[in-house]
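Working through the structure, step by step
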Amino acid sequence: MSSPTAFARWFVPALVPSLLSLLFLCAGVARAGEGAAPPKDFRAWAHSKSTVVADKGNPLHGVHNQYVNPSALATLRKGGEYKDGAIFVDSVNTVVETNGIYAPGPKAKTLVMIKDRKAEATGGWIFQAFDPAGKPMKIDPVKSCFECHQSGAKESGFVFHKYAE
């Protein structure tokens, strides 16, 4: 390999597959961040918590039913660091109040949080939001999601969720 041409004949074929793999990996991460749809089977996962945000001025106003995939559930139960691929899904319905009784109304949105250490700007989590039809909503994951998680759940890996029997 004394000539530049000989080096190029060896180097380019060795480099191109690596560059293509990196390009596809980056494209996959970008698509995961945008999210085509919420996980289809999330209601078959463990239902981990229900909450009501009654304040109509709160952007999270609604009846929340939260689900976790098996990876997230294992860490939620025992503690520790969530592994890439852990997923939390928050299915949000509007609040219907009748005579002081709060009940779920129509679907409002679905919120998804996926552990991906490559998402450094958001503490290793991808935040997604979907409208009632399952179409991606435009959100700023830092301003709309992570800033609150960072200020209120930093010590628990940015997860507000606590395991309760």
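Given the structure is predicted, the values throughout are model-derived calculations rather than measurements.

Right, let's talk about helix H2 (residues 70-78) for a bit. Side chains three or four residues apart in an α-helix point the same way, a direct result of the helix having 3.6 residues per turn. Turning to H2, its buried residues are Ala72, Leu73, Thr75 and Leu76. Contacts made by the buried residues of H2 are with strand S1 (46-53), strand S2 (62-68) and strand S3 (87-98). Positive backbone phi, approximately 90°, marks Gly79, located one or two places after H2.

So, about the side chain of Thr110. When you line up the elements, Thr110 lands in strand S4 (residues 101-115). There is a polar contact of 3.1 Å between the side chain of Thr110 and the side chain of Lys107. When residues no more than four places from it in sequence are discounted, the contact partners of Thr110 are Pro38, Phe42, Val89, Asp90, Gln128, Ala129 and Phe130.

In this section: the pattern of salt bridges. One pass over the full model with this rule turns up 2 salt bridges. Glu147 is the salt-bridge partner of Lys143, the closest N and O atoms lying 3.2 Å from each other. Of this pair, Lys143 and Glu147 both sit in helix H3 (residues 141-153), 4 residues apart, which is roughly one turn of that helix. Assessed through its relative accessible area of 34%, Glu147 is described here as partly exposed.

Cut-off values and rules
Residues numbered from 1 in each chain as written. Predicted model: local features only at pLDDT ≥ 70, side-chain atom pairs only at ≥ 80, totals over all residues. Heavy atoms only, no water. Buried < 20%, exposed > 50% of the residue type's maximum accessible area, 1.4 Å probe, protein only. Helix = DSSP H or I, 4+ residues; strand = E, 2+ residues; numbered from the N terminus. Contact = heavy atoms within 4.5 Å. Polar contact = N/O pair within 3.5 Å; in protein donor to acceptor, adjacent residues only side chain to side chain. Salt bridge = Lys/Arg side-chain N within 4 Å of Asp/Glu carboxyl O.

Remember, this is a structural readout, not a statement about activity or role.
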